[in-house]
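Structural overview for review
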Amino acid sequence: MRNINLLIIIMMISMHTYAQHTLKGKISNNDGKGIVGATINIENGLHSTVSDTAGYFEFQKLTKQKQNIQITAVGYQTLKQLILLTDSTVHFKLNTDNLHLNEVVVSATRYGVSKKEAPVIVQVLGPKLFRLHNL
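The notes below deal with the structure included here.

**Details of the packing of aromatic side chains**
Two aromatic rings are characterised by how far apart their centres lie and by the angle between their planes. According to the stated counting rule, one finds two aromatic pairs in the structure shown. With centroids separated by 6.0 Å and ring planes inclined at 70°, the aromatic side chains of Phe57 and Phe59 adopt a geometry described as edge-to-face. Like Phe57, the residue Phe59 is buried in the burial classification. Among the aromatic residues, those joined into a ring-pair cluster are Phe57, Phe59 and Phe92.

Here's what the structure looks like:
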């Protein structure tokens with residue numbers, strides 16, 4: 001009886017281990033260059049990781065074969081896709097998104113100050129200026 005219980009436990013552990021999947025991939029831009037720091041979320045944020053300096057990422061111990069994946073990166077459009085874990089390596093390309101980039105305020109004061117409350121003249125460099133000068 002004890003041997004049968006042990007056999008059942010071993011079979012359950014091996015079935016659980018067999019059902020786990022690994023997902024590896026690369027996030028790149030339209031030029032094929034890896035995107036550093038892209039956030040990859042699976043199943044509404046239950047599993048997440050960040051791409052490395054070459055744009056590569058890896059998930060281990062995924063239990064479902066179908067996964068909803070969401071990839072976000074600053075300056076790029078968000079990508080949402082349903083993937084099947086039949087291939088262990090996937091490649092995603094993100095399109096640039098210049099519409100959602102906001103202006104940046106560079107301040108030389110010691111503390112953050114809003115533009116209206118600034119005691120000195122504040123110059124705001126917006127997207128139009130950069131497009132005008134091809135920056």
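**Thoughts on the pairing of strand 2 (residues 39-42)**
Each regular strand carries side chains that alternate between the two faces of the sheet. A one-sided burial pattern is seen for strand 2, the buried positions being Ile40 and Ile42 and the unburied ones Thr39 and Asn41. Pairing between strand 2 and strand 3 (residues 47-50): four bridges, direction antiparallel. Opposite Ile42, over in strand 3, you have His47 as the bridge partner. Where strand 2 meets strand 5 (residues 66-72), four bridges bridge the pair, whose relative direction is antiparallel. Paired with Asn41 across the bridge in strand 5 is Gln70.

**Details of a nonpolar patch on the surface**
A contiguous nonpolar patch, built from Leu125, Leu129 and Phe130 and spanning about 220 Å² of accessible area, is present on the exposed surface. With respect to the helices, strands and loops of the structure, Phe130 is situated in helix 2 (residues 127-132). Given a relative accessible area of 34%, Phe130 falls into the partly exposed group.

**Observations regarding the pairing of strand 6 (residues 79-84)**
With six bridges connecting them, strand 5 and strand 6 associate as antiparallel partners. Looking across to strand 6, one finds that Asn68 is bridged to Leu82. Counted between consecutive antiparallel strands, the loop separating strand 5 from strand 6 contains six residues, among which Gly75 sits at a positive phi close to 90°.

Rules used throughout
Residues numbered from 1 in each chain as written. Predicted model: local features only at pLDDT ≥ 70, side-chain atom pairs only at ≥ 80, totals over all residues. Heavy atoms only, no water. Phe/Tyr/Trp six-rings, centres within 6.5 Å; stacked < 30°, edge-to-face > 60°. Buried < 20%, exposed > 50% of the residue type's maximum accessible area, 1.4 Å probe, protein only. Helix = DSSP H or I, 4+ residues; strand = E, 2+ residues; numbered from the N terminus. Pairing = 2+ DSSP bridges. Patch = residues over 30% accessible without salt bridge, like charges linked within 9 Å, V, L, I, M, F, W, Y side chains within 5 Å. Areas by Shrake-Rupley, 256 points an atom, 1.4 Å probe, with all protein chains shown as cover. Salt bridge = Lys/Arg side-chain N within 4 Å of Asp/Glu carboxyl O.

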